[in-house]
Amino acid sequence: MSLLIKGGRVIDPANKVDKIVDIAIEKGRISQLGSDIKPEGLKLIDARGLIVTPGLIDMHTHLREPGREDEETILSGSRAASKGGFTSVCVMPNTEPAIDKEAVVEFILSKAQQAGVVNVYPIGAITRGRAGKILAEMGELKRAGVVGLSDDGNPVEDSRVMRRALEYSKMFNLPIISHCEDKQLSAGGVMNEGWVSTALGLRGIPCICEEHIVARDISLAVLTGGRLHIAHVSSAGSVKIIKQAKKDGVNVTAEATPHHFTLNDENLRSFSTNYKVNPPLRTDKDVDAVKQALADGVIDAIASDHAPHSEEEKSVEFDYAPFGIIGLETALGLAIRELIEKKILTLSQLIEKMSVNPARILGLNKGRLDIGAEGDVTIIDLKRDWVVKEKEFRSKSKNSPFIGERLKGMAVITICRGKVVYDAQ
């Protein structure tokens, strides 16, 4: 498909562009950038009054296939991603079986190609079966196509194993993505430890269980020189540790989720299991610290941590419900509301954290609108008012705490490799 995106305000932070630019896409790649491109032989997309950006990248997604196709599949998750404005998603390895072998990587890439919606990049497991004991075959996983390594959902509890992971991953230029949780400190906890957990009679998860492992892994990154990425930062203490590490020149990056800069532990007074996430929703102080860290560049990226669960799994007593919420379809709207409208970030900074920086951290040739680049483009209407409706989710799962909320700003057209994969106009 040949396209001409005409008259939109192009925000391309990697090239320091923020102006009205026409973009032509032919044979799946950007062929022209200019001020008055003629639409001869090109399908016209009128982008006047809209924001045109490099395709958004979610570097932390759970699509559940293989193993839990009742919750999500690569096809349904890809469709959800496209509706959210994402042209690329990076899928975490806590599938069944885990992404710890070449065959599983090949399966996921094959399914993504069959789906033909968005780019899907597997994240390989650090250890076999994500058990934290024996390192997975990193070279085999790299050759198969993984773009990072993580035992997400589980920390690598053995410090010696984590040290070796950081050392060996340097050979393959892959970041180690750390799920920072001291399981001995968090055992049995279901929400943030504090006044609200005490009032509700629910067992708490203290901030230190995250901060302890953040500090440990940063120390190991100093020792090894490895590339460390901290997933889903949730506490003010973690922010402080990461900020100091960056000042000291440590090779560390970090991400935050929309729910961790939008919600707090007071929301759990409803006892809705759709507020049960890991790491848990923290206090207002922590929410403010995460927002400030995004503004200061301490936190580099925004990731959804899209974690689908079936209605049957979530419709149980709070203690027994699984952690996790879906987020691909609400991430952009929440980021616009919480960060743009409240003047925490500029639009350019937001696109950096949702496209440019994820591409840089994972070594993807994405996040730029250059001639010759793949035609991955997100078109955003900042004025579009919409309500989050359960029946309109493209995800197979509906476990969102944001159902019924009104948001302003959404992706109206998503283009992946020159193909329109979502159109809300």
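(A) Representation of the packing of helix H4 (residues 159-169) against helix H7 (residues 208-224). Closest axis-to-axis distance for the H4/H7 pair is 9 Å, and the angle between their directions is 45°. The angle between H4 and H7 places the two elements in the oblique class. Where H4 crosses over H7, the handedness of that crossing is right-handed. In contact with Ser159, Met162, Arg163, Leu166 and Glu167 of H4, H7 contributes Arg216, Asp217, Leu220, Ala221, Leu223 and Thr224. Here the contact of H4 with H7 is composed, by residue class, of 5 nonpolar, 2 polar and 4 charged.

(B) Spatial organisation of the pattern of salt bridges. Within the structure shown, the criterion is met by 29 salt bridges. Where Arg368 meets Asp370, a salt bridge forms, and the shortest distance between an N and an O atom there is 2.8 Å. Here Asp370 falls in the partly exposed class, since its relative accessible area comes to 24%. One salt bridge in this structure joins Asp381 and Arg384, with 3.7 Å as the shortest N-O distance. With a relative accessible area of 15%, Asp381 lands in the buried category. Looking at Arg384, the relative accessible area reads 26%, which means it is partly exposed. Sharing partners across several salt bridges, the network here consists of Arg64, Arg68, Asp70, Glu71 and Glu313.

(C) Region of the structure containing the sheet that holds strand E9 (residues 149-150). Within the open sheet, the 5 strands sit side by side as E9-E10-E13-E14-E15. Their pairing is parallel. Each end of this open sheet is capped by a strand with a single partner; those strands are E9 and strand E15 (301-302). Alignment of E9 against strand E10 (residues 176-178), held across 2 bridges, turns out to be parallel. When the sheet's bridge partners are listed, Leu149 is paired in E10 with Ile176.

(D) Looking closely at the environment of Leu294. Structurally, Leu294 is set in helix H9 (residues 284-296). We classify Leu294 as buried; its relative accessible area is 1%. It is 9.6 Å that separates the C-alpha atoms of Leu294 and Phe261, two residues lying 33 residues apart in sequence.

(E) Broad picture of the packing of helix H11 (residues 331-340) against helix H12 (residues 347-362). Two elements in contact, H11 and H12, have axes whose closest approach is 11 Å; the angle formed by their N-to-C orientations is 140°. One element, H11, and the other, H12, form an angle in the oblique class. Between H11 and H12 lies a crossing whose hand is right-handed. Of the residues in H12, those in contact with Leu332, Ala335, Ile336, Leu339 and Ile340 of H11 are Leu347, Leu350 and Met354. Classifying every residue of the contact of H11 with H12 gives 8 nonpolar, no polar and no charged.

(F) Molecular detail of the sheet that holds strand E7 (residues 86-91). Taken together, the 3 strands give an open sheet; going across it, the order is E6-E7-E8, and neighbouring strands pair in parallel fashion. Either end of the sheet is taken by a strand with one partner, and the two such strands are strand E6 (56-61) and strand E8 (119-122). This sheet shows a mean twist of 20° between the axes of neighbouring strands, independent of strand direction. Pairing geometry for E7 and E8, over 4 bridges, is parallel.

Calculation criteria
Residues numbered from 1 in each chain as written. Predicted model: local features only at pLDDT ≥ 70, side-chain atom pairs only at ≥ 80, totals over all residues. Heavy atoms only, no water. Axes fitted to C-alpha atoms, helices over the stretch in contact; angles between N-to-C directions. Helix = DSSP H or I, 4+ residues; strand = E, 2+ residues; numbered from the N terminus. Parallel < 35°, antiparallel > 145°, perpendicular 65-115°, else oblique. Left-handed = near helix turned anticlockwise from the far one by under 90°. Contact = heavy atoms within 4.5 Å. Nonpolar A, V, L, I, M, F, W, Y, C, P; charged D, E, K, R; others polar. Salt bridge = Lys/Arg side-chain N within 4 Å of Asp/Glu carboxyl O. Buried < 20%, exposed > 50% of the residue type's maximum accessible area, 1.4 Å probe, protein only. Pairing = 2+ DSSP bridges.

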